Amino acid sequence: MRVEGRVLGRVTSGGYGYTVERSIAYAYLPAALAEVGRPVEVEIFGTRIAGEVAAEPLYDPEGAAIRA
């Protein structure tokens, strides 16, 4: 995982979150850089994908996304 162009974290797992309708990557990142909304890049098979640090939990408790 890159922050400001530097490798500063490591993705431990990832996949598609169907209830939130987006890809999710769980990663280790220094606590000082883990503020919600911080832009990051995740490299997947040699391609850098833009993302951002999100608040947890990534969950849709009312199921609104599924019913929409």
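For clarity, every value in this text was computed on a predicted model and none was experimentally measured.

As for the side chain of R38
Thought 1: Among the structural elements, R38 can be located in the loop between β4 (22-28) and β5 (39-44).
Thought 2: Given a relative accessible area of 13%, R38 falls into the buried group.
Thought 3: Ignoring anything within four residues of it in the chain, the contact list for R38 reads V3, E4, A32, L33, G51, E52 and V53.

Details of the packing of aromatic side chains
Thought 1: Summed over all chains, the structure comprises 1 aromatic pair.
Thought 2: Centroid distance Y16 to Y18: 4.9 Å. Interplanar angle 70°. Geometry classified as edge-to-face.
Thought 3: A residue is classified by how much of its surface remains accessible, and Y16, at 43% relative accessible area, is partly exposed.
Thought 4: For Y18, a relative accessible area of 66% corresponds to the exposed category.

As for the layout of surface pockets
Thought 1: In this structure, the largest pocket encloses a volume near 720 Å³.
Thought 2: Lining the largest pocket are 23 residues, with M1, I24, A25, Y26 and E52 sitting closest to its centre.
Thought 3: Of all the secondary-structure elements, those providing two or more residues to the lining of the largest pocket are β3 (10-17), β4, β5 and β6 (47-52).
Thought 4: Here the element with the most residues in the lining of the largest pocket is β4; it accounts for 6 residues.
Thought 5: Classifying every residue of the lining of the largest pocket gives 16 nonpolar, 4 polar and 3 charged.

Considerations on the side chain of R2
Thought 1: For R2, the position within the fold is in strand β1 (residues 2-3).
Thought 2: By relative accessible area, which is 19% here, R2 ends up buried.
Thought 3: A polar contact of 3.4 Å, which involves the side chain of R2, links it to the backbone oxygen of G5.
Thought 4: Ignoring sequence-local partners within four residues, the contact set of R2 consists of V7, V40, E41, E43 and R48.

Criteria and cut-off values
- Residues numbered from 1 in each chain as written.
- Predicted model: local features only at pLDDT ≥ 70, side-chain atom pairs only at ≥ 80, totals over all residues.
- Heavy atoms only, no water.
- Helix = DSSP H or I, 4+ residues; strand = E, 2+ residues; numbered from the N terminus.
- Buried < 20%, exposed > 50% of the residue type's maximum accessible area, 1.4 Å probe, protein only.
- Contact = heavy atoms within 4.5 Å.
- Phe/Tyr/Trp six-rings, centres within 6.5 Å; stacked < 30°, edge-to-face > 60°.
- 1 Å grid on protein atoms, 1.4 Å probe; cavity = no way out; pocket = protein on both sides within 12 Å on 5 of 7 lines; lining within 4 Å.
- Points joined across faces, edges and corners; volume = space filled by probe spheres on them.
- Nonpolar A, V, L, I, M, F, W, Y, C, P; charged D, E, K, R; others polar.
- Polar contact = N/O pair within 3.5 Å; in protein donor to acceptor, adjacent residues only side chain to side chain.

Everything listed is a geometric property; what it means functionally is a separate question.
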